[in-house]
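# Remarks on the overall topology
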2 protein chains.
Amino acid sequence: MALTHYPVVNKKGDTITAAVTNLDLNDISRAAKTYGVRSLYVVTPLFDQQELVERIVSHWTAGVGSRYNPIRRKALELIIAKDSLSEVVDDIAKNSEGSPKTVVTCARPTARSISFGKFREMLQAGKPYLLIFGTAWGLSEKIINSADYVLEPVKGNTDYNHLSVRSAAAIILDRLAGRQE
Amino acid sequence: MALTHYPVVNKKGDTITAAVTNLDLNDISRAAKTYGVRSLYVVTPLFDQQELVERIVSHWTAGVGSRYNPIRRKALELIIAKDSLSEVVDDIAKNSEGSPKTVVTCARPTARSISFGKFREMLQAGKPYLLIFGTAWGLSEKIINSADYVLEPVKGNTDYNHLSVRSAAAIILDRLAGRQE
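A brief report on the enclosed structure follows. Everything numeric here is computed off the predicted structure, so don't read it as measured data.

Moving on: the relation of the copies chain B and chain A. Superposition of chain B onto chain A requires a rotation of 180 degrees combined with a translation of 0.0 Å along the rotation axis, giving an RMSD of 0.0 Å. The superposition operator between the copies reduces to a two-fold rotation axis. Interface overlap between copies: 100% of the residues of chain B at the interface are likewise at the interface in chain A, consistent with a symmetric, same-surface contact.

Okay, here's the thing in structure tokens:
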């Protein structure tokens, strides 16, 4: 899966590069590890932000944090920083059988959205998929339109639909890979 | 539901009072609003921490934040700060039909854990329940033992089981109240 900081939109819909946050990396890598995700690619084109990712990861995997909390280390080890989503696709292609299909998450339904059930079936076939989450106000239209698939939005039982990316990622992984009774 | 900062345990199992964090309040109130939770009680016995809760909430409900992001206001409005879980129970009893049954969340299975399916059925009967989440390393044994019910832990599809309270709360609300296909 990938958590991307570019290209995402701000409140007004302008395309921006969002800031990397320590908490996104911790929460989402722990959820990824819980649900058997192979890698968590953290995408930002900014060099200083990539350095920040490396610093956070090495704190927990090699630094003080790895001794303080070795369990968290296992989660943070899933993180790989990359410049762009196309580099992520290349990296996955290099390490698996063929290029992955891209699946974007989006808080709004689109005409071509696929259901959680459908995507769960697709995952069981064993081909590689890259599930993409956007920070800030979500992925840019351009990314959504160019993806192979769009996953349906998470709905609660109200009209309110403004989960954080951390909450949405946890719920989506649970719907796709959780042991549901 | 309640997010409590006391009594919870630290890494060593000692009972402590955890610090309130801005992000817990934002993420968990947004998830609570999405899934139709009536109130999010934030419990801490520390007066300065209760003041911090009030300050965060009023930033988003009456201050600059309410104009910058009126949607988030609707989530933060669910938050009510209280001294203790017994005050939360009293507050719910005052505003509903009878005292709520307490249901604690816990990352370990217990002999008396109830399943998500069972609790979903119980919720449909319409009686009040108070679902309790602990910060830090989780709720103290005393709170777990004295609750009416213990909810089974969230399992992914691996042995790794170290979700943040923000991720666990989102997944649990989705399992209890989400529109699953």
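This next bit is on the sheet that holds strand β1 (residues 2-4) of chain B. Residues and elements named next belong to chain B. On the basis of which strands lie adjacent, the open sheet formed by 7 strands has the order β5-β4-β1-β8-β6-β9-β7 and parallel pairing. For this open sheet the edge positions go to β5 (79-82) and β7 (113-114), each flanked by a neighbour on one side alone. With 2 bridges joining them, strand β6 (residues 101-104) and strand β9 (residues 149-151) adopt parallel strand pairing. If you follow V104 over to β9, its bridge partner there is V150. Those strands touched by helix α1 (residues 22-34) are β1, β4 (40-43) and β5, and its axis lies near 160 degrees from that of β4. Across the sheet, helix α8 (residues 165-177) is in contact with β1, β8 (129-134) and β9; its angle to β8 comes to roughly 155 degrees.

M1(A), F119(A), L131(A), M1(B), F119(B) and L131(B) are the most contacted members of the largest nonpolar core, which totals 79 residues. Beyond its immediate stretch of four places on either side in the chain, F119(B) contacts V103(B), I114(B), Y129(B), L131(B), L151(B) and L176(B).

To continue, consider the sheet that holds strand β4 (residues 40-43) of chain A. All names here are of chain A. Strand order in the open sheet made by the 7 strands is β5-β4-β1-β8-β6-β9-β7, with parallel pairing throughout. Lying at the two open borders of the sheet, with one neighbouring strand each, are β5 (79-82) and β7 (113-114). Note that strand β1 (residues 2-4) and strand β8 (residues 129-134) share 3 bridges and pair parallel. Opposite A2, over in β8, you have I132 as the bridge partner.

This part is about the interface of chain B and chain A. Across the boundary between the two partners, chain B contributes 40 residues, which contact 40 residues of chain A. With both chains or domains summed, chain B and chain A bury close to 3,700 Å², and 49% of this area falls on carbon and sulfur atoms. Here R175(B) makes a salt bridge to D174(A), at a shortest N to O gap of 2.6 Å. Our enumeration of links across chain B and chain A arrives at 22 residue pairs in polar contact (both at pLDDT 80 or more). At the level of elements, α1, α3 (64-68), α4 (70-76), α6 (116-124) and α8 of chain B are the ones that each hand at least two residues to the side of chain B that touches chain A. Sorting elements by how many residues they give to the side of chain B that touches chain A places α8(B) first, with 7 residues. Per-class residue counts for the side of chain B that touches chain A are 14 nonpolar, 12 polar and 14 charged.

Between side chains of opposite charge, a pair can form when the charged atoms approach closely. Scanning the model with the defined rule gives 14 salt bridges over all chains in all. The partner of R73(A) in a salt bridge is E77(A), and the shortest N-O contact between them spans 3.1 Å. By relative accessible area, R73(A) is classed as partly exposed at 34%. Among the residues examined, E77(A) registers a relative accessible area of 45% and is labelled partly exposed. Between D27(B) and R166(A) there is a salt bridge, and its shortest N-O distance comes to 2.7 Å. With one member in each of two chains, D27(B) in helix α1 and R166(A) in helix α8 (residues 165-177) form a pair that bridges those chains. What makes D27(B) buried here is its relative accessible area of 1%.

A separate point is helix α1 (residues 22-34) of chain A. Residue and element names in this part refer to chain A. Along its 13 residues, α1 runs 19 Å from first to last C-alpha, staying within 8% of the 18 Å computed at 1.5 Å per residue. Of all the 13 residues making up α1, 10 are buried; the element is thus mostly covered by neighbouring parts of the structure. Those residues of α1 that fall on the buried side of the exposure criterion are D24, L25, N26, D27, I28, S29, R30, A31, A32 and T34. One or two steps after α1, the chain reaches G36, where phi turns positive at roughly 70 degrees.

So, about unusual backbone geometry. With omega at -5 degrees, the peptide bond leading from Y6(A) into P7(A) counts as cis. Turning to its location among the elements, P7(A) is positioned in the loop between β1 and β2 (8-9). Phi at A136(B) is positive, roughly 50 degrees, even though this residue is not glycine. Inspection of the secondary structure assignment puts A136(B) in the loop between β8 and α7 (141-146).

This model, assessed by the stated rule, comprises 6 aromatic pairs over all chains. Taken together, a centroid distance of 5.5 Å and an interplanar angle of 85 degrees make the contact between F119(B) and Y129(B) edge-to-face. Of this pair, F119(B) sits in helix α6 while Y129(B) sits in strand β8, placing them 10 residues apart in sequence. Take F119(B) and Y129(B): they sit in the same class, and that class is buried. Counting every residue linked through ring pairs, the aromatic cluster contains F119(A), Y129(A) and Y149(A).

Conventions adopted
Residues numbered from 1 in each chain as written. Chains lettered and ligands numbered in written order. Predicted model: local features only at pLDDT ≥ 70, side-chain atom pairs only at ≥ 80, totals over all residues. Heavy atoms only, no water. Least-squares fit on C-alpha atoms with pLDDT ≥ 70 in both. Contact = heavy atoms within 4.5 Å. Pairing = 2+ DSSP bridges. Helix = DSSP H or I, 4+ residues; strand = E, 2+ residues; numbered from the N terminus. Axes fitted to C-alpha atoms, helices over the stretch in contact; angles between N-to-C directions. Core = buried A, V, L, I, M, F, W, Y, C linked by side-chain atoms within 4.5 Å. Buried < 20%, exposed > 50% of the residue type's maximum accessible area, 1.4 Å probe, protein only. Buried area = accessible area lost by both parts, 1.4 Å probe. Salt bridge = Lys/Arg side-chain N within 4 Å of Asp/Glu carboxyl O. Polar contact = N/O pair within 3.5 Å; in protein donor to acceptor, adjacent residues only side chain to side chain. Nonpolar A, V, L, I, M, F, W, Y, C, P; charged D, E, K, R; others polar. Expected span 1.5 Å × (residues − 1). Phe/Tyr/Trp six-rings, centres within 6.5 Å; stacked < 30°, edge-to-face > 60°.

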